[in-house]
Amino acid sequence: MSGRPSKIDPKKALEQAMILFWEHGYSATSVAQLESALGAGRQSIYNTFGDKKSLFLKAYQHYLDTRLKSALALLQIDGSPQEKLRNLFLNSLDCTSEKHLGCFIGNSLATPASHQPEIETITNQAIQTFISALSAAITPLFSNQDTRSAAAWNLLTLFQGTQLIAKQKNTRESLLTAINHHIDQLSSL
């Protein structure tokens, strides 16, 4: 052991691991980085969370249970479908971190690790949760289930695209214009 404490605060450590995996991805996050971020030695991390893959899966699930759940709750507030969507999109661009990390789901999809069965399963579940929430939010605009489903998928791709581009500095105003244009077009479909 490297002289680090053997006790880990699991909640705090899971949050730290989530941010590290969110920023760097599964493959690019080293155990040494995890040790540093969590302030614990490898054995303490393994004793608490299992191996790196187990920690990633727990961190990913933590993201879904906290950040995604909180974001999707914006789709359940009172207001028109357009207002709900604007709240979701605009809130996602106002990250509190120094730099915008994008979407953990999208970031995970963009790595080779996304093809591992356990990661693929959790990603598919996250996407379906997102699609269901979007579909429910836009139900008043589309009585036809197929059209509503297509619109929800379109919104998900817009969301993922804005999250990716938002990682680049000085894109916020252009993204806001694109988001508002796209949401305004929904009522004309």
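First, a word on what this report is: a plain description of the structure on this page. Since we're looking at a predicted model, the values are computed, not measured.

**A short note on the environment of Gly-161**
Of note, Gly-161 is situated in helix 8 (residues 145–165). Of the residues examined, Gly-161 reaches a relative accessible area of 27% and is grouped as partly exposed. Through-space distance from the C-alpha of Gly-161 to that of Leu-14 is 27 Å; in sequence the pair is 147 residues apart.

**Digging into the packing of helix 5 (residues 81–93) against helix 7 (residues 117–137)**
Contact pair helix 5 / helix 7: the axes reach a minimum separation of 9 Å and the direction vectors enclose 145°. Within the contact between the two elements, helix 5 uses Pro-81, Lys-84, Leu-85 and Leu-88 and helix 7 uses Phe-130, Leu-134 and Ala-137. A breakdown of the residues in the contact of helix 5 with helix 7 according to their chemical character gives 6 nonpolar, no polar and 1 charged.

**Some details on the nonpolar core**
Ranked by internal contacts, the top residues of the largest apolar core, which has 56 residues, are Phe-21, Leu-55, Tyr-63, Ile-105, Phe-130 and Leu-134. Not counting the four nearest positions on each side in its chain, Phe-130 is found in contact with Leu-68, Leu-72, Leu-88, Ile-105, Leu-156 and Phe-159.

**Points about the pattern of salt bridges**
Counted under the stated rule, the structure contains 3 salt bridges. Residues Glu-15 and Arg-67 are paired through a salt bridge, measuring 2.8 Å at the closest nitrogen-oxygen approach. On the criterion of sequence distance, the pair formed by Glu-15 in helix 1 (residues 10–24) and Arg-67 in helix 4 (residues 52–73) is long-range, its members being 52 residues apart. Judged by relative accessible area, Glu-15 falls into the partly exposed class, the value being 23%. Between Lys-53 and Glu-118 there is a salt bridge, with the nearest N and O atoms lying 3.0 Å from each other. Of the two residues, Lys-53 is situated in helix 4 and Glu-118 in helix 7; the sequence distance between them amounts to 65 residues.

**What to know about empty space enclosed by the protein**
Within this structure, the stated rule accounts for 1 cavity of 30 Å³ or more. Its volume calculated, the largest cavity comes out at about 30 Å³. What lines the largest cavity is simply Phe-21, Trp-22, Gly-25, Tyr-26, Phe-56, Phe-104, Asn-107 and Ser-108. Looking at the lining of the largest cavity, the elements that each hand over two or more residues are helix 1 and helix 6 (104–109). In terms of residue count, the dominant contributor to the lining of the largest cavity is helix 6 (3 residues). Residues that form the lining of the largest cavity fall into these classes: 5 nonpolar, 3 polar and no charged.

What counts and how
- Residues numbered from 1 in each chain as written.
- Predicted model: local features only at pLDDT ≥ 70, side-chain atom pairs only at ≥ 80, totals over all residues.
- Heavy atoms only, no water.
- Helix = DSSP H or I, 4+ residues; strand = E, 2+ residues; numbered from the N terminus.
- Buried < 20%, exposed > 50% of the residue type's maximum accessible area, 1.4 Å probe, protein only.
- Axes fitted to C-alpha atoms, helices over the stretch in contact; angles between N-to-C directions.
- Contact = heavy atoms within 4.5 Å.
- Nonpolar A, V, L, I, M, F, W, Y, C, P; charged D, E, K, R; others polar.
- Core = buried A, V, L, I, M, F, W, Y, C linked by side-chain atoms within 4.5 Å.
- Salt bridge = Lys/Arg side-chain N within 4 Å of Asp/Glu carboxyl O.
- 1 Å grid on protein atoms, 1.4 Å probe; cavity = no way out; pocket = protein on both sides within 12 Å on 5 of 7 lines; lining within 4 Å.
- Points joined across faces, edges and corners; volume = space filled by probe spheres on them.

So far we have only geometry, and geometry alone does not tell us how the molecule works.
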